[in-house]
Amino acid sequence: MSEYPYEGRISSDDIINCKDVFSSDGALIGQVETALADSFIVKSEEGDIETKYEIPRLQIERIVDGAITVKQNKENIRKEYETSSIEKY
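Now for a description of the structure that goes with this document. Every value quoted in this text rests on a predicted model; they were computed, and no experiment measured them.

### Quick notes on the sheet that holds strand β5 (residues 60-64)
Phase 1 of the analysis: Spatial strand order, β5-β6-β1-β2-β3-β4-β7: seven strands in an open sheet with mixed pairing. This sheet does not close on itself; its edge strands, each paired only once, are β5 and β7 (82-87). Averaged over all adjacent pairs, the angle separating strand axes in this sheet is 30°, with direction ignored.
Phase 2 of the analysis: Where strand β4 (residues 49-56) and β7 come together, five bridges link them in antiparallel fashion. Considered in β7, the bridge of Lys52 is made with Ser84.
Phase 3 of the analysis: Of the strands in this sheet, β2 (28-35), β3 (39-46), β4, β6 (67-70) and β7 are in contact with helix α1 (residues 74-81), which crosses β4 at around 85°.

In structure tokens form, the structure reads like this:
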């Protein structure tokens, strides 16, 4: 059994994979790391902090070229969907 928690749930040809994610107020949230059936994992690296968010697909407002815009502002995304935040060494 793999230690990777999303094994078997990832669709590598999903339209949202590897796209940049922006909040409704235009702030960069991060990049899609993993696309799941009902949500997607976004990875953000700011300085020496790595943060991950699990955002429901229903929050997608639009997808244009290499970017996804979600319906909420950056502060609400952080409050509601942040799943982890670690300091990188």
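Picking up where we left off.
### Let's talk about the environment of Val42
Phase 1 of the analysis: Relative to the helices and strands, Val42 resides in strand β3.
Phase 2 of the analysis: In this structure the C-alpha to C-alpha distance between Val42 and Lys52, which are 10 residues apart in sequence, comes to 5.5 Å.
Phase 3 of the analysis: Not counting residues within four places of it along the chain, the set of residues in contact with Val42 comprises Val21, Ile29, Gly30, Gln31, Val32, Glu33, Thr51, Lys52, Tyr53 and Ile55.

### Focus: the nonpolar core
Phase 1 of the analysis: The biggest cluster of nonpolar side chains holds 14 residues, and the ones touching the most others in it are Val21, Phe40 and Ile55.
Phase 2 of the analysis: Those elements that provide at least two residues to this core are β2, β3, β4, β6 and α1.
Phase 3 of the analysis: For this core, the element with the highest residue contribution is β2, accounting for three residues.
Phase 4 of the analysis: Not counting the four nearest positions on each side in its chain, Phe40 is found in contact with Ile16, Val21, Val32, Thr34, Ala35, Tyr53, Glu54, Ile55, Pro56, Arg57, Ile60 and Val70.

### A few points about the pattern of salt bridges
Phase 1 of the analysis: Tallied over the entire structure, the rule returns seven salt bridges.
Phase 2 of the analysis: Notably, a salt bridge pairs Glu50 with Lys43, separated by 3.6 Å at the nearest N-O pair.
Phase 3 of the analysis: Residue class for Glu50 comes out buried when judged on its relative accessible area of 14%.
Phase 4 of the analysis: With its nearest N and O atoms 3.3 Å apart, the salt bridge here joins Glu61 to Arg62.
Phase 5 of the analysis: In this structure Glu61 comes out as partly exposed when scored by relative accessible area, which is 43%.
Phase 6 of the analysis: Under the relative-accessibility criterion, Arg62 is labelled partly exposed at 43%.
Phase 7 of the analysis: Each of Lys43, Glu45, Glu50 and Lys88 takes part in one network of salt bridges that share partners.

Criteria and cut-off values
Residues numbered from 1 in each chain as written. Predicted model: local features only at pLDDT ≥ 70, side-chain atom pairs only at ≥ 80, totals over all residues. Heavy atoms only, no water. Pairing = 2+ DSSP bridges. Helix = DSSP H or I, 4+ residues; strand = E, 2+ residues; numbered from the N terminus. Axes fitted to C-alpha atoms, helices over the stretch in contact; angles between N-to-C directions. Contact = heavy atoms within 4.5 Å. Core = buried A, V, L, I, M, F, W, Y, C linked by side-chain atoms within 4.5 Å. Buried < 20%, exposed > 50% of the residue type's maximum accessible area, 1.4 Å probe, protein only. Salt bridge = Lys/Arg side-chain N within 4 Å of Asp/Glu carboxyl O.

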